[in-house]
Amino acid sequence: MEKYSRVIELCGRSFHCSKTMGDIFLAHAADLAARGVTELVSLVHEGGVDQLMVGPATRITVTELLARVEPPTPITGMPTISAA
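Bear in mind the structure is a predicted one, so any value in this text is a computation, not a measurement. (Residues numbered from 1 in each chain as written. Predicted model: local features only at pLDDT ≥ 70, side-chain atom pairs only at ≥ 80, totals over all residues. Heavy atoms only, no water.)

### Some points on the sheet that holds strand S1 (residues 6-10)
Within a sheet, adjacent strands bond to each other through the backbone by hydrogen bonds, running parallel or antiparallel.
Reasoning step 1: If you walk across this open sheet you meet the 3 strands as S2-S1-S5, and the pairing is antiparallel. Of all the strands in the sheet, just strand S2 (13-17) and strand S5 (61-64) have a single pairing partner and so form its edges. Taking the axes of each pair of neighbouring strands and ignoring which way they run, one obtains an average angle of 20° across the sheet. (Pairing = 2+ DSSP bridges. Helix = DSSP H or I, 4+ residues; strand = E, 2+ residues; numbered from the N terminus. Axes fitted to C-alpha atoms, helices over the stretch in contact; angles between N-to-C directions.)

What follows is the structure in structure tokens.
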């Protein structure tokens with residue numbers, strides 16, 4: 001499952017999204033920059049959907065998350081060892 005494997009950062013905000021959605025967003029942003037135009041671009045992310053203004057001067061940072069680290073689960077119900 002590829003759920004939220006990318007973080008897209010722009011305009012001072014961070015958006016966790018899937019690799020596929022990140023690729024679509026970046027392809028659209030690259031096309032806009034190449035054409036020298038500014039438009040609203042949709043981004044589906046962990047928190048919902050946003051329309052983001054993207055143009056040739058927009059700075060976008062992409063981070064790929066390799067693994068999401070979960071805190072360890074405490075072990076319960078272990079027998080106690082007592083010295084005899």
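### Topic: the environment of Thr20
Reasoning step 1: Mapped onto the secondary structure, Thr20 falls in helix H1 (residues 19-35).
Reasoning step 2: Put simply, Thr20 and Tyr4 are 16 residues apart on the chain and 9.5 Å apart in space, counted from C-alpha to C-alpha.

### Overview of the pattern of salt bridges
Reasoning step 1: Enumeration over the complete set of coordinates arrives at 6 salt bridges.
Reasoning step 2: With a shortest N-O distance of 3.8 Å, Arg13 and Asp50 are connected by a salt bridge. Here Arg13, found in strand S2, pairs with Asp50, found in strand S4 (residues 48-54); they are 37 residues apart in sequence, far enough to count as distant.
Reasoning step 3: Given a relative accessible area of 42%, Arg13 falls into the partly exposed group.
Reasoning step 4: Here Asp23 and Lys19 are joined by a salt bridge, their closest N and O atoms 3.0 Å apart. Separated by 4 residues within a single helix, Asp23 and Lys19 lie in helix H1, roughly one turn from each other.
Reasoning step 5: In the salt-bridge network here, residues are joined through shared partners; they are Arg6, Lys19, Asp23 and Glu64. (Salt bridge = Lys/Arg side-chain N within 4 Å of Asp/Glu carboxyl O. Buried < 20%, exposed > 50% of the residue type's maximum accessible area, 1.4 Å probe, protein only.)

### Some points on unusual backbone geometry
Reasoning step 1: In this model, Tyr4 sits at a positive phi of 50°, which is unusual for a non-glycine residue.
Reasoning step 2: Here Cys11, not a glycine, exhibits a phi torsion of approximately 55°, which is positive.
Reasoning step 3: Topologically, Cys11 is positioned in the loop between S1 and S2.

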